[in-house]
Amino acid sequence: MAYVLNKTERVTPQMRADVVVVGSGPGGAVTAALCAEAGRSVLLVEEGPNLPVEWPAHFSRDEILHKYRNAGVSIALGSTQIAYVEGRCVGGGSEINRGLYHRSPAYVLDGWSADFEVHQLSLDELMPHFTACEEIARVEYLPGEASGMSTRLYEGAMTLGWHVIEAPRLYRYTGRASSKQSMSETFVPRFLEAGGWLIADTVVRHLSRSGGKWRLDATHAPAGGDPQPVEISADKVFVACGAVQTPALLRRSGLRKNIGNSLRFHPMLKVVAEFEDEVNVSGDFDPVHQIKEFEPHFGMGCSISSRPMLALAMASRPDCLAQLEHHWRRMGIYYVQTTGGCAMVRNLPLFRDPLIRVRHSEWDLHQYAEGLRRLAEALLAAGAIAIYPAAPGYPVLRSMADLRRLPESLPIRSGNLTSVHLFSSCPMGENDALCATDSFGRVRETDGLYIADASLLCGPTVVNPQGTVMAIAHRNAAHAIENRFI
């Protein structure tokens, strides 16, 4: 009998399903829904809590504490570090992101097909899967005018003759009201309606194969409750824990071939721009404009700019905090996003979380500096009177003459790099030297073990990756069902 676990239900020490999906983010939720709708007995296991999409409030302290891994503080170590975030709740990263949505550019998919020998991955072949996902998780444009912060970026780009767009979002709009199309609002309910089982607050520590079945050793640890061991048995397993936790789990389970060697990011450098009039108005829609002129090398956009977020972005400039105190409504956070950095994921004895070590090339450091310069150029063209780079050692920028004095390459250890997009730690394809899985996510040299998250992506998507993750998960699950692999 299908059921949904809540805070009072009891998890049994031994559980069984035809298919187990570990992780309920965009890849896991889509996979679980398709498998359940195909009539399989499916158990969806989530490490984090099961919380409503509207609670806690988005981008609040409580949301960071309850829905982010490690309260939003994770670091890829290296000479130039990257601070990154991971969702840890039912729905995964879809619950905490801004919902900006893109289909993969054709040139990205074609490059993966060629370099990693991925079968059936052209944009035409992937389009039915984008469409199928978009019919369930709606994608819409703003119903009214964008915020002042967003339109300033648009105006700056247009003044310079640069290509700029309004990005759609995974939202349903009704006037000024909106409904976020996260996994907990779309694919997870669909999965449950099809008879799937969901257990939250349960972390899978190890996978093993015995007697033609997969065994998952897990721990159920609800808030305020005593941890209890859980043993789960399944015929097929889809691992969808995210681009860091998926390779960590597989490596703990003895699977290492091309696993955890190629983690990639969309690193961001942020600036705070100050204008003469107010651009940061309560009740405005989230900013949606993005500059595409320089992709695939780097792109630009605007970010959530609440007063606490502005203070965090200005943390390296304590002498400017008084300016923030009095004029924060005239300020907004903007970013340049690149494809730099490559990292390894490794487990350490006695440590809960894996070690991430990232390296950057000279070209990466040059792209960071060039992207920051171009972003500042757009903001000055939009009327910014001061630009405060969130990078220690960088001056306040007030004119084009200031930009000409910026370094040609980001100095090592001076960049305050962050990322919310992680992928490529277990790439798919038929290139045995590079790929952890086949073209449809089956882990090499295993029977019935698949990956179904951003780990599979062969490299940076250049655009926001959630749409790509969902479409590829849909493609791979449909392929497994049609070919009776599950």
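Further up the page is the structure itself.
Residues numbered from 1 in each chain as written. Predicted model: local features only at pLDDT ≥ 70, side-chain atom pairs only at ≥ 80, totals over all residues. Heavy atoms only, no water.

**Focus: the sheet that holds strand β18 (residues 355-359)**
Sheets are built from strands paired through backbone hydrogen bonds, the pairs being either parallel or antiparallel.
So, point 1. Ordered in space as β18-β17-β12-β21, the four strands form an open sheet in which the pairing is antiparallel. Every interior strand has two partners, whereas the edge strands, β18 and β21 (422-423), have only one.
So, point 2. With five bridges joining them, strand β17 (residues 342-346) and β18 adopt antiparallel strand pairing. In the strand pairing of β18, Arg346 is matched with Leu355. (Pairing = 2+ DSSP bridges. Helix = DSSP H or I, 4+ residues; strand = E, 2+ residues; numbered from the N terminus.)

**Overview of the pattern of salt bridges**
So, point 1. Here the structure, examined in full by the defined rule, presents 26 salt bridges.
So, point 2. Notably, a salt bridge pairs Arg138 with Glu140, separated by 3.0 Å at the nearest N-O pair.
So, point 3. For Glu140, a relative accessible area of 17% puts it in the buried group.
So, point 4. In the salt-bridge network here, residues are joined through shared partners; they are Glu370, Arg373, Arg374, Glu377 and Glu408. (Salt bridge = Lys/Arg side-chain N within 4 Å of Asp/Glu carboxyl O. Buried < 20%, exposed > 50% of the residue type's maximum accessible area, 1.4 Å probe, protein only.)

**Some points on the pairing of strand β2 (residues 42-45)**
So, point 1. Neither face of β2 is exposed, since Val42 and Leu44 on one face and Leu43 and Val45 on the opposite face are all buried.
So, point 2. In this structure, strand β1 (residues 14-22) lies alongside β2, joined through four bridges in parallel fashion. When the bridges of β2 are listed, Val19 appears paired with Val42.
So, point 3. Traced from β1 through helix α1 (residues 26-37) to β2, the parallel crossover comes out right-handed.
So, point 4. Pairing of β2 with strand β8 (residues 197-199), which is carried by three bridges, proceeds in the parallel orientation. Within β8, the position partnered with Leu43 by the bridge is Trp197. (Right-handed = clockwise from strand over helix to strand, strands pointing away.)

**Looking at helix α4 (residues 123-136)**
So, point 1. When the terminal C-alpha atoms of α4 are compared, their 20 Å separation across 14 residues agrees well with the 20 Å that a helix rising 1.5 Å per residue should span.
So, point 2. Within the sequence span of α4, burial applies to Leu126, His129, Phe130, Ala132, Cys133 and Glu134.
So, point 3. If you follow the buried residues of α4, they end up packed against α1, α3 (106-116), α6 (187-193) and α12 (466-482). (Expected span 1.5 Å × (residues − 1). Contact = heavy atoms within 4.5 Å.)

**Concerning the packing of aromatic side chains**
So, point 1. This structure, assessed with the given rule, holds seven aromatic pairs.
So, point 2. Measuring from centroid to centroid gives 6.5 Å for Phe275 and Tyr334, while their planes differ by 70°, and the two rings are edge-to-face. With a gap of 59 residues between them, Phe275 in the loop between β13 (268-274) and β14 (289-291) and Tyr334 in strand β16 (residues 331-338) connect regions that are remote in the sequence.
So, point 3. When its relative accessible area of 0% is taken as the criterion, Phe275 is described as buried.
So, point 4. Following the ring pairs from residue to residue traces out a cluster consisting of Trp162, Phe294 and Phe298.
So, point 5. Across from the ring centre of Tyr171, 4.0 Å away, lies the NZ or CZ of Arg169, which sits over that ring. (Phe/Tyr/Trp six-rings, centres within 6.5 Å; stacked < 30°, edge-to-face > 60°. Lys NZ or Arg CZ within 6 Å of the ring centre and 35° of its normal.)

**Here's the deal with a nonpolar patch on the surface**
So, point 1. Side chains of Leu348, Leu350 and Phe351 sit close together on the surface and give an oily, nonpolar patch of about 390 Å² of accessible area.
So, point 2. Mapped onto the fold, Leu350 is located in the loop between β17 and β18.
So, point 3. Residue Leu350 is classed as exposed on the basis of its relative accessible area of 90%. (Patch = residues over 30% accessible without salt bridge, like charges linked within 9 Å, V, L, I, M, F, W, Y side chains within 5 Å. Areas by Shrake-Rupley, 256 points an atom, 1.4 Å probe, with all protein chains shown as cover.)

**Brief notes about the environment of Leu456**
So, point 1. As for its position among the elements, Leu456 is in the loop between β22 (449-451) and α12.
So, point 2. The buried category is assigned to Leu456, whose relative accessible area is 1%.
So, point 3. Along the chain, Leu456 and Pro427 lie 29 residues apart, while their C-alpha atoms are 4.3 Å from each other.
So, point 4. Residues in contact with Leu456, not counting those within four places in the same chain, are Cys426, Pro427, Met428, Thr437, Gly441, Ile451, Ile472 and Asn476.

**Quick look at the pairing of strand β10 (residues 213-220)**
So, point 1. Burial along β10 is one-sided: Trp214, Leu216, Ala218 and His220 are buried, and none of Lys213, Arg215, Asp217 and Thr219, which face the opposite way, are.
So, point 2. The pairing of strand β9 (residues 202-210) with β10 spans eight bridges and is classified as antiparallel. Note on β10: the bridge partner recorded for Arg209 is Trp214.
So, point 3. With antiparallel pairing between neighbouring strands as the criterion, β9 and β10 make up a hairpin whose turn holds two residues, including Gly211 at a positive phi of roughly 60°.
So, point 4. As defined by bridge partners, β10 adjoins strand β11 (residues 228-239) across seven bridges and the pair is classed as antiparallel. Looking at the pairing, Arg215 lines up with Ser233 of β11.

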